[in-house]
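Results of the structural survey
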Amino acid sequence: VGSLSRNERLKKLGITDFDYSDVGTYLNIVSPNIAAKIIWDCLNLTVFSSAASKVKQIRRGVKEVQKFINKGEKGIVVLAGDTLPIDVYCHLPVMCEDRSLPYAYIPSKLDLGSSAGSKRPTCVILIKPHEDYQEQYDEVLEEVSTLPKPL
């Protein structure tokens, strides 16, 4: 699975012709504020920049992200909307709101994992600010902060 491309992995899972406009089909019920495609493209660039420059500014996985949120680390939390069961990470948005951290859902954990520099899908990442990509980070931070919060 690690050497397969995103499309090959989707085909292996039985998903063909995955399009961003069809994301509602694959989402769980706790992912209401799906980031717009423009924001997702910016997030991809930000994640790619930080992973490519090896500055270690990404926290991957529920356990690691939760640990660093509790320690008071700042950044943007990105959650995959197609994670099941939802019990795996449904506590993270509450933690983010308590600590005033911006968070957004994106459609696919496959995309989230690959853009974070991992061969495996991941359901949550924390992108920390860094001077190498500060402009992109600020732009994404502003866009994510304007997303509507769930009721």
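Residues numbered from 1 in each chain as written. Predicted model: local features only at pLDDT ≥ 70, side-chain atom pairs only at ≥ 80, totals over all residues. Heavy atoms only, no water.

- An unreviewed UniProt entry lists the chain under the name NHP2 ribonucleoprotein homolog (yeast), with Neogobius melanostomus given as the organism.
- On record in UniProt, under Sequence similarities (unreviewed entry), the comment for the chain is "Belongs to the eukaryotic ribosomal protein eL8 family." (UniProt positions renumbered as here; feature names shortened; annotations may be inferred.)

Digging into the overall build of the chain
- Helices and strands together make up the secondary structure of the chain, namely six helices and four strands.
- Taken over 151 residues, the chain has a buried fraction of 45%.
- Accessible surface, the chain: about 8300 Å² in total, of which carbon and sulfur atoms supply 54%. (Helix = DSSP H or I, 4+ residues; strand = E, 2+ residues; numbered from the N terminus. Buried < 20%, exposed > 50% of the residue type's maximum accessible area, 1.4 Å probe, protein only. Areas by Shrake-Rupley, 256 points an atom, 1.4 Å probe, with all protein chains shown as cover.)

A few points about unusual backbone geometry
- Pro-85 follows Leu-84 through a cis peptide bond whose omega is -5 degrees.
- Its location among the elements puts Pro-85 in the loop between β2 (76-80) and α4 (92-98).

Some details on the packing of aromatic side chains
- This structure, assessed with the given rule, holds two aromatic pairs.
- Ring plane angle 85 degrees and centroid distance 6.4 Å describe the contact between Tyr-89 and Tyr-105, whose orientation is recorded as edge-to-face. With Tyr-89 in the loop between β2 and α4 and Tyr-105 in strand β3 (residues 103-106), the pair connects residues that are 16 residues apart, well separated along the chain.
- Relative to Tyr-105, the ring of Tyr-103 lies with its centre 6.2 Å away and its plane at 80 degrees, an arrangement referred to as edge-to-face. (Phe/Tyr/Trp six-rings, centres within 6.5 Å; stacked < 30°, edge-to-face > 60°.)

Examining the sheet that holds strand β4 (residues 124-127)
- The four strands lie next to each other as β1-β4-β2-β3, forming an open sheet whose pairing is mixed. The sheet is open, and its two edges are formed by β1 (58-60) and β3, each paired on a single side. Each strand of the sheet is rotated relative to its neighbour by a mean of 20 degrees, with strand direction disregarded.
- Examined bridge by bridge, β2 and β4 share four bridges and lie antiparallel to one another. (Pairing = 2+ DSSP bridges. Axes fitted to C-alpha atoms, helices over the stretch in contact; angles between N-to-C directions.)

As for helix α3 (residues 62-70)
- By the burial criterion, the buried members of α3 are Val-62, Val-65, Phe-68 and Ile-69. Along the long axis of α3, the arc covered by the buried residues comes to 145 degrees, so they all point the same way.
- Contact partners of the buried residues in α3: β1, β2, α4 and β4.
- Note on α3: the residue one or two positions beyond its end, Gly-72, has a positive phi of about 95 degrees. (Arc of directions from axis to C-beta. Contact = heavy atoms within 4.5 Å.)

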